[in-house]
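As a plain string of letters, each chain reads:
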Amino acid sequence: MPAARGVKRTASKSSAAAPTGPINKKKRGAVQLTIPNALKKKGRVFTCGQGDVGQLGLGEDVVETCKFNRVSALGDNIVDVCAGGMHTVALDANGKVWTFGCNDEGALGRPTSDETDEGTARTVALPHKAIAISAGDSHTAALLENGEVYAWGAFRDSHGTMGLVVRGREAQACKEPVRIDIGETAVGIASGGDHLVILSTSGSVYTMGCGEQGQLGRLSQRSASRFARQGFSALLTPSKVILKCGASRVWAGYHATFVLDATGDKVFAWGLNNYGQLGITGEKRRTVLYSPTECDAFTRANVTWSWVACGQHHSLALDSNGQVYAIGRTEYGRLGLGERTEDAEVLEPVPTLQSRKCVSIATGTSNSFAVTDDGEVYSWGMGSEGQLGTGATADLNVPTLSNHKPFEGRPVTRVAAGGQHTVILLEEPNQPSPSPEDTKVEEQEQEKIKEDEQKETEKPRLTKRQKKQEQDEEISSTSTAQSAEVAEKKPQKLNGDEQKESAMEVDETDKQDNEDKKDEELPEPEKECEEMDKQNDDTESQPEENKPDTMDTSSQETTDSDSKPMETETADNTEDTQRESTEVNGTEAKTEKIDLIPTDNALTTSA
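Residues numbered from 1 in each chain as written. Predicted model: local features only at pLDDT ≥ 70, side-chain atom pairs only at ≥ 80, totals over all residues. Heavy atoms only, no water.

**Brief notes about the overall build of the protein chain**
A count of helices and strands for the protein chain gives 14 helices and 30 strands. Relative to its full complement of 607 residues, the protein chain shows a buried share of 54%. At a minimum sequence separation of 6, the contacts of the protein chain that also span at least 24 residues come to 58%. For the protein chain, the accessible area works out to roughly 27,900 Å², and carbon and sulfur atoms hold 48% of it. (Helix = DSSP H or I, 4+ residues; strand = E, 2+ residues; numbered from the N terminus. Buried < 20%, exposed > 50% of the residue type's maximum accessible area, 1.4 Å probe, protein only. Contact = heavy atoms within 4.5 Å. Areas by Shrake-Rupley, 256 points an atom, 1.4 Å probe, with all protein chains shown as cover.)

**Remarks on the sheet that holds strand 12 (residues 174-180)**
If you walk across this open sheet you meet the four strands as 7-8-9-12, and the pairing is antiparallel. Taken across any chain shown, the strands that pair with only one partner, and hence form the sheet edges, are strand 7 (130-135) and strand 12. Here the average twist between neighbouring strands, direction ignored, is 20°. Here strand 8 (residues 139-144) runs beside strand 9 (residues 149-153); their pairing, made up of five bridges, is antiparallel. Bridged to Ala-142 within strand 9 is Tyr-150. (Pairing = 2+ DSSP bridges. Axes fitted to C-alpha atoms, helices over the stretch in contact; angles between N-to-C directions.)

**So, the environment of Ser-291**
Secondary-structure assignment places Ser-291 in strand 20 (residues 287-294). Sequence separation of Ser-291 and Leu-243 is 48 residues, and the distance between their C-alpha atoms is 9.1 Å.

**Some details on the pattern of salt bridges**
Applying the stated criterion across every chain, the model contains 16 salt bridges. Among the salt bridges present, the one from Arg-179 reaches Glu-148, with a minimum N-O distance of 3.4 Å. Of this pair, Arg-179 sits in strand 12 while Glu-148 sits in the loop between strand 8 and strand 9, placing them 31 residues apart in sequence. Between Asp-157 and Arg-226 there is a salt bridge; the shortest N-O distance is 2.9 Å. Remark: Arg-226 occurs in the loop between strand 15 (205-209) and helix 4 (232-236) and Asp-157 occurs in strand 10 (residues 155-157); sequence separation between them is 69 residues. Within this structure, Arg-44, Arg-410 and Glu-428 form a network of salt bridges that share partners. (Salt bridge = Lys/Arg side-chain N within 4 Å of Asp/Glu carboxyl O.)

**Some thoughts on the sheet that holds strand 14 (residues 195-200)**
The strand order 13-14-15-16 describes an open sheet built from four strands, whose pairing is antiparallel. Across the chains shown, the open sheet's two edge strands, defined by having one partner strand only, are strand 13 (186-191) and strand 16 (239-240).

**Side note on the confidence of the model for the protein chain**
Looking at the protein chain, pLDDT values average 78 and 65% of them are 70 or higher. Low pLDDT, under 50, characterises residues 474-529; the stretch is placed with 90 contacts to residues that sit more than four places away or in other chains. (pLDDT = per-residue confidence, 0-100.)

**Overview of the packing of aromatic side chains**
In this structure the tally under the stated criterion is three aromatic pairs. Between Phe-298 and Trp-305, the ring centres sit 5.2 Å apart and the planes meet at 75°, which makes this aromatic pair edge-to-face. Like Trp-305, Phe-298 is buried. With centroids separated by 5.3 Å and ring planes inclined at 80°, the aromatic side chains of Trp-305 and Tyr-325 adopt a geometry described as edge-to-face. Of this pair, Trp-305 sits in strand 21 (residues 305-310) while Tyr-325 sits in strand 23 (residues 324-328); the two residues are 20 residues apart in sequence, bridging distant segments of the chain. Since its relative accessible area comes to 14%, Tyr-325 is described here as buried. Here the aromatic residues Phe-258, Phe-298, Trp-305 and Tyr-325 are joined through ring pairs into a cluster of three or more. (Phe/Tyr/Trp six-rings, centres within 6.5 Å; stacked < 30°, edge-to-face > 60°.)

**Some points on the pairing of strand 25 (residues 358-363)**
Counting buried residues in strand 25 gives five out of six residues, a clear majority hidden from the surface. Two elements, strand 25 and strand 26 (residues 367-372), share five bridges in a ladder whose sense is antiparallel. Counterpart to Ala-362 in the pairing with strand 26 is Phe-369.

**Comments concerning the environment of Cys-210**
You can see Cys-210 is positioned in the loop between strand 15 and helix 4. Assessed through its relative accessible area of 4%, Cys-210 is described here as buried. In sequence terms Cys-210 and Phe-155 are 55 residues apart; their C-alpha atoms lie 6.5 Å from each other.

**Focus on the pairing of strand 5 (residues 97-101)**
For strand 5, a buried count of five out of five residues is recorded, marking the element as mostly surrounded by other parts of the structure. Of the two faces of strand 5, both are covered, the one formed by Val-97, Thr-99 and Gly-101 as well as the one formed by Trp-98 and Phe-100. Note: strand 4 (residues 87-92) against strand 5, five bridges, orientation antiparallel. By the bridge assignment for strand 5, His-87 is matched with Gly-101. The turn linking strand 4 back onto strand 5 is made up of four residues, and Gly-95 within it adopts a positive phi angle of 85°. The sheet contact formed by strand 5 and strand 6 (residues 122-123) spans two bridges and is antiparallel. In the strand pairing of strand 6, Trp-98 is matched with Thr-123.

Right, here's the structure in full:
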């Protein structure tokens, strides 16, 4: 035995000296990926949903819309789009990254002077051209053409802001792009809610950010906290995830990460799995996974996967044949499986889309989207903020086609879902630029849509941020079971643990307010006005008393053709009073939009 061992050891040394050993090993097991080519298809960007902090890019007078509207400031030279929690990111054909929306945590990657500046699309200063982008709740990342990754903004955990990197910046947001060094060349990036995933040329996966729900895949539950022994250093320093084999694709969800192995046959995941949304069944369902685990639900489907999108408590998967599957929580119809109350424990094909071939999918907090090969976009799930883009705010249990007039002749190629807004990219046809007359007609149509969908009251920005912070704290503090405190708090659009009835209490409140206003019955005050006019000739004091009634009537939905202001002099005063009440952060809703994009950053229009 000792002699045999010696012979084996000697043979190993001789073979190591020869160049054939490592080459053969590399051919058998190593993964060699290349930097992807820049996207080529150019198009226009359209947005819908909540825009109270400028994430729609439609100007200060549009705080919410349930129909897709064009972001004209971006032109028609955009090749990719991403939607963060409260901001939007776009990549143009020249490799420039454009951002707009909330900049509280530095997610825009550029200095901003006021809210008008935040809501206006502007470029981010990067050392090289970008070829890919990603966006999370309060951070943004870009993959450059030389394989470097730059990021800006901040991650958050249950205790608040974590910061983005260490280097003395712990718990401080990076409001300018910072290079993320992984020691290798990067070929892919993906952003979860509060973590970043990077794929290298060797097929290695690196993660950084919040790890409380296991989304980093490389730390134990005890070590995945800022108060652990290594603290921020273990969280904010990108480190490699231990995988049995290399990865070829990476995707990230709100609290989870997915990877496709080098062979393209198996999917691995880690993170929050409390509704089975990771496709990991059995005893590991309804738990948190802190290390990579094979997704048995994906393996049983016996297909090749090309895309995975993960929301808060559900996931979508797209196979190589263009079929869409759903798994996880069914609340609000986010799975698109129709009227059903039980969750999906295995991947189930979405019935409405079985006859269609899809090329792109996306998931929001509690909704889903799919784009077909002929350029149609379908949406389903929660739509209370108009983020489904169907022209209504109702929840949808099945995929519903969103087909508006501005889409004519322009197929949708990409869809991205944010916290409460949605972004799509429409391919620009290979034809000359539209004439000024056509552009003017389109702008008039956009203005008409904006006026028809103007909300009666605008939500303060501070309230929206506070709501989101409460939601982040609530999600991070629990990993599996639904908290009893959720039902007691005021329901939030981003809260995935609330019951459907409680989540819609906001709409019920608005509905009750409208019913109370209708109960006041405007014709009766008008009759009283006539009687008072006959009794005494005072025509100025009585309209003053009726002003509240007039305002209640005009605050109803503008789409109601029956609700019209009184054709009197007091009605004009009422409209002035109402316009003053719709000021948000000191900016009037009627302010005319001015294009503030610098001339040196102007986009070129495709021929």
